[in-house]
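One letter stands for each residue in the lines below.
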Amino acid sequence: MRKVKDYFDEGFLIYREGKIEKRCLYWFKDSCVGCGLCYDICPVEAIKLGPLGAIAKGLVDANKIDIDENKCVLCGLCAASCFFNALDLKINGKSIKEDSRYPKIVGKDINITQEKCVLCKQCEIVCPRDAIKVERNLAERHKFVIGEAIINKDKCVLCGICAEYCPADAIELNYKKPTPSDPKPVDNIKINTEKCVYCRVCEFVCPHDAIEIICYKCPLIRRIPRAKIYEDITGKTIVDKNKCVSCGWCEFVCPTDAIKVEKPFDGEVIIDYEKCTACEACVSICPCSALEFPKPKDKAQKVKKLVVNQNLCVLCGACSKACPTGAIKVVRKSVKLCNEEPIAWKKRFEKILN
Amino acid sequence: MPKHLLSGIKAIVTFKLKEKGLSNKEIANILKCDRSVISHYLRGTFPKKEILDFVKIIENLPPACGARLIHGICKDKELSKILIKELYNVELIWDKEKCIFCGTCKEECNAIKMENLNIIIDYNNCSYCGLCVLECPVKALKFIKKGEINEKS
């Protein structure tokens, strides 16, 4: 049965159009992290991995994987194992990821409890995949920065001392060119309420007692209530599940436990320091930013030492596939599947466990 | 030449059927030929020894390869099916535990259907052509000797 491979901007596709069904396997360049799970699970050895370390470090421009359309039988095992959504198999237009009959890795998930979220944006900052967006709308400044600023024009000598001290640059004096008909160099003074924070510094520094400031926020007056989340500060934290790799950075930094992340595998990453050459290919490829070579604290330490944060790792295996010396071993003990059948599929999934 | 080979295959099958205790008439009916031809086969007057020796080689081929060959020699699908089944004494078996449901087999053949992650072989329409056996990437479709099937079950 003839299979056709086509390239498009975002990747490639392989399809087979038979009498009864059309099967189409898609690969998306941008989603692929180069973990090599597909390579391990493919029952017909149709998948080849590119020079992952060099690609991750930006040294060569190549695809992270390639699929031989003559060997590929379009079974969909690779798509079912790809939890980065870089591979998808559509049978007559329907993705096998949506077909409950096929086993899939189901552990990977992220849930945000909006009621707990305080819109601090820290998750957005740390997310290594740019998968989180915090949309935060703040109530207008006028709701909280409010008061009265009065300049007594009879007392004011337009010296501008208040403007020199104003920390918010809110006092504006209108200097003009003195002329014989109007010899005064300043013709007006004004407090810009858009900038003024009613701090009363001008009131204190004015040697002529010409300024009076009333701050409505001050404890003595308290005419305005405190800001309330979801009343004055509204918004939503949105996660793009397609981009999310469930690394757990967001869960770790969330101050209110509003994010829960589930990981697909149980296990650990083991580093053989004898073999490690500190080339940093693993650091470059890791989709979770879970690996780093910290700066040596001790100056005598010449060789950089790789550190992995197991809590931020999803055990995808990209590091071990990219490592040129085989110094990293990813041990997966269990995988969560949504279905235990077909048996042949389950057996292939067991291949990615150790 | 294909005709001679076909006669050779028929002759070998005739021996096998005779061993099973079938009469010449029954064998002639099965192989769709005249009774006199069957008696020629049994007496050894026809076909020649070289032909029979060559058919022995075919008989020792993997059944799927032999099946492709027989279908190439004999255009009658029904007859080919009988010859293959008798020559190799095989059944087409689908191994659920090996199947990855890639659908390759059903694209090649009208006798195979995939329903709800089950492969259903319509044995009446199957001509034992062996294409599915050769195409299956994980050897989930196989010709298995009849004795071995019983041992398995």
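*Asks:* Is there a simple way to think about the overall build of chain B in this case?
*Replies:* Across its full length, chain B holds nine helices and four strands. Here the C-alpha radius of gyration of chain B, 17 Å, is about what a compact globule of 153 residues would show, namely 15 Å. Judged by the C-alpha coordinates and their principal axes, chain B covers about 55 × 30 × 25 Å. Of all 153 residues assigned to chain B, the portion counted as buried reaches 47%. Put simply, of all contacts in chain B between residues at least 6 apart along the chain, 67% involve residues at least 24 apart. Per element, the accessible surface of chain B, about 8200 Å² overall, is 53% carbon and sulfur.

*Asks:* Would you take a moment to explain the nonpolar core for this structure?
*Replies:* Nonpolar side chains in soluble globular proteins tend to be buried together. One finds Ile67 and Leu87 of chain A to be the most contacted residues of the largest nonpolar core, which totals 115 residues. Membership of the second largest hydrophobic core comes to 18 residues, among which are Ala170, Ile171, Ile189 and Cys206 of chain A.

*Asks:* What's the story with the interface of chain A and chain B in this structure? I'm lost.
*Replies:* Interface size, as often reported, equals the accessible area lost upon joining of the parts. With 21 residues of chain A at the interface, the matching set in chain B holds 20 residues. Between chain A and chain B lies a buried interface of about 1700 Å² when both sides are counted; carbon and sulfur atoms form 54% of it. Linking chain A to chain B there are two salt bridges. With a closest N to O distance of 2.7 Å, Lys106 of chain B and Glu21 of chain A form a salt bridge. The interface formed by chain A and chain B contains eight residue pairs in polar contact (both at pLDDT 80 or more). With four residues, the top contributor of residues to the side of chain A that touches chain B is helix H10 (residues 343-350) of chain A. Of the residues in the side of chain A that touches chain B, the class split is 13 nonpolar, one polar and seven charged.

*Asks:* In this structure, what is going on with helix H5 (residues 63-73) of chain B? I would like to understand it.
*Replies:* For an α-helix, 3.6 residues make a turn, and residues three or four places apart therefore share a direction. The complete set of buried residues in H5 of chain B reads Pro63, Ala64, Gly66, Ala67, Ile70, His71 and Ile73 of chain B. For H5 of chain B, the elements touching its buried residues are helix H1 (2-19), helix H6 (77-88), strand S1 (90-94), helix H8 (131-135) and strand S4 (141-145) of chain B.

*Asks:* Is there a simple way to explain the packing of aromatic side chains in this structure?
*Replies:* How two aromatic rings sit relative to each other is given by the distance of their centres and the angle of their planes. Under the counting rule described, the total for this entry stands at 10 aromatic pairs over all chains. Judged by centre distance (6.1 Å) and plane angle (0 degrees), the rings of Tyr26 of chain A and Phe28 of chain A are stacked. By relative accessible area, Phe28 of chain A is classed as partly exposed at 29%. Between the aromatic rings of Trp94 of chain B and Phe101 of chain B, the centroid separation amounts to 6.1 Å while the plane-to-plane angle is 70 degrees, which identifies the pairing as edge-to-face. No difference in accessibility class separates Trp94 of chain B from Phe101 of chain B, as the two residues are buried. Ring pairs connect the aromatic residues Tyr7, Phe12 and Trp27 of chain A, which therefore count as one cluster. Above the ring of Tyr15 of chain A, the side-chain terminus of Lys22 of chain A is found at 4.7 Å from the ring centroid. Here the guanidinium or amino end of Lys305 of chain A rests over the ring plane of Tyr273 of chain A, the centre of that ring lying 4.6 Å away.

*Asks:* Help me understand the pattern of salt bridges in this model?
*Replies:* Close approach of charged atoms allows side chains with opposite charge to pair. All names here are of chain A. Taken as a whole, this structure holds 20 salt bridges over all chains when the rule is applied. Between Lys321 and Asp40 there is a salt bridge, with its nearest N and O atoms 3.0 Å apart. Here Lys321 is found in helix H9 (residues 318-322), whereas its partner Asp40 is found in helix H1 (residues 37-41), with 281 residues between them in sequence. Here Lys321 falls in the partly exposed class, since its relative accessible area comes to 26%.

*Asks:* What exactly am I supposed to notice about helix H4 (residues 49-59) of chain B here?
*Replies:* Residues and elements named next belong to chain B. What H4 keeps buried is the set Ile51, Leu52, Val55, Ile58 and Glu59. In an axial view of H4, the angular spread of the buried residues amounts to 105 degrees, which keeps them on one side of the axis. The outward face of H4, more than 90 degrees from its buried face, is lined by the exposed residues Lys49, Glu50 and Ile57. Considering only its buried residues, H4 is in contact with H1, H5 and H6.

*Asks:* When you look at the sheet that holds strand S6 (residues 87-91) of chain A in this model, what are you seeing that I'm missing?
*Replies:* Strand pairing within a sheet occurs via backbone hydrogen bonds; the two strands may be parallel or antiparallel. Residue and element names in this part refer to chain A. Taking strand neighbours across the sheet as the criterion, the five strands line up as S1-S2-S3-S6-S7 in an open arrangement whose pairing is antiparallel. In this open sheet, the two strands that pair with only one neighbour each are strand S1 (4-8) and strand S7 (94-95). Pairing geometry for strand S3 (residues 22-28) and S6, over five bridges, is antiparallel. Counted as the bridge partner of Trp27 is Leu87 from S6.

*Asks:* What should I look at first to understand the packing of H1 of chain B against helix H3 (residues 35-43) of chain B in this one?
*Replies:* When two helices pack together, their arrangement is given by the angle between the helix axes and by the axis-to-axis distance. Residue and element names in this part refer to chain B. Here H1 crosses H3 at 80 degrees, and the two axes come no closer than 9 Å. Taken as axis vectors, H1 and H3 run roughly perpendicular relative to one another. Between H1 and H3, the contacting residues are Ser7, Lys10, Ala11, Thr14, Phe15 and Lys18 on the first element and Ile38, Tyr41 and Leu42 on the second.

Parameters and conventions
Residues numbered from 1 in each chain as written. Chains lettered and ligands numbered in written order. Predicted model: local features only at pLDDT ≥ 70, side-chain atom pairs only at ≥ 80, totals over all residues. Heavy atoms only, no water. Helix = DSSP H or I, 4+ residues; strand = E, 2+ residues; numbered from the N terminus. Rg over C-alpha atoms; globule rule 2.2 N^0.38 Å. Buried < 20%, exposed > 50% of the residue type's maximum accessible area, 1.4 Å probe, protein only. Contact = heavy atoms within 4.5 Å. Areas by Shrake-Rupley, 256 points an atom, 1.4 Å probe, with all protein chains shown as cover. Core = buried A, V, L, I, M, F, W, Y, C linked by side-chain atoms within 4.5 Å. Buried area = accessible area lost by both parts, 1.4 Å probe. Salt bridge = Lys/Arg side-chain N within 4 Å of Asp/Glu carboxyl O. Polar contact = N/O pair within 3.5 Å; in protein donor to acceptor, adjacent residues only side chain to side chain. Nonpolar A, V, L, I, M, F, W, Y, C, P; charged D, E, K, R; others polar. Phe/Tyr/Trp six-rings, centres within 6.5 Å; stacked < 30°, edge-to-face > 60°. Lys NZ or Arg CZ within 6 Å of the ring centre and 35° of its normal. Arc of directions from axis to C-beta. Pairing = 2+ DSSP bridges. Axes fitted to C-alpha atoms, helices over the stretch in contact; angles between N-to-C directions. Parallel < 35°, antiparallel > 145°, perpendicular 65-115°, else oblique.

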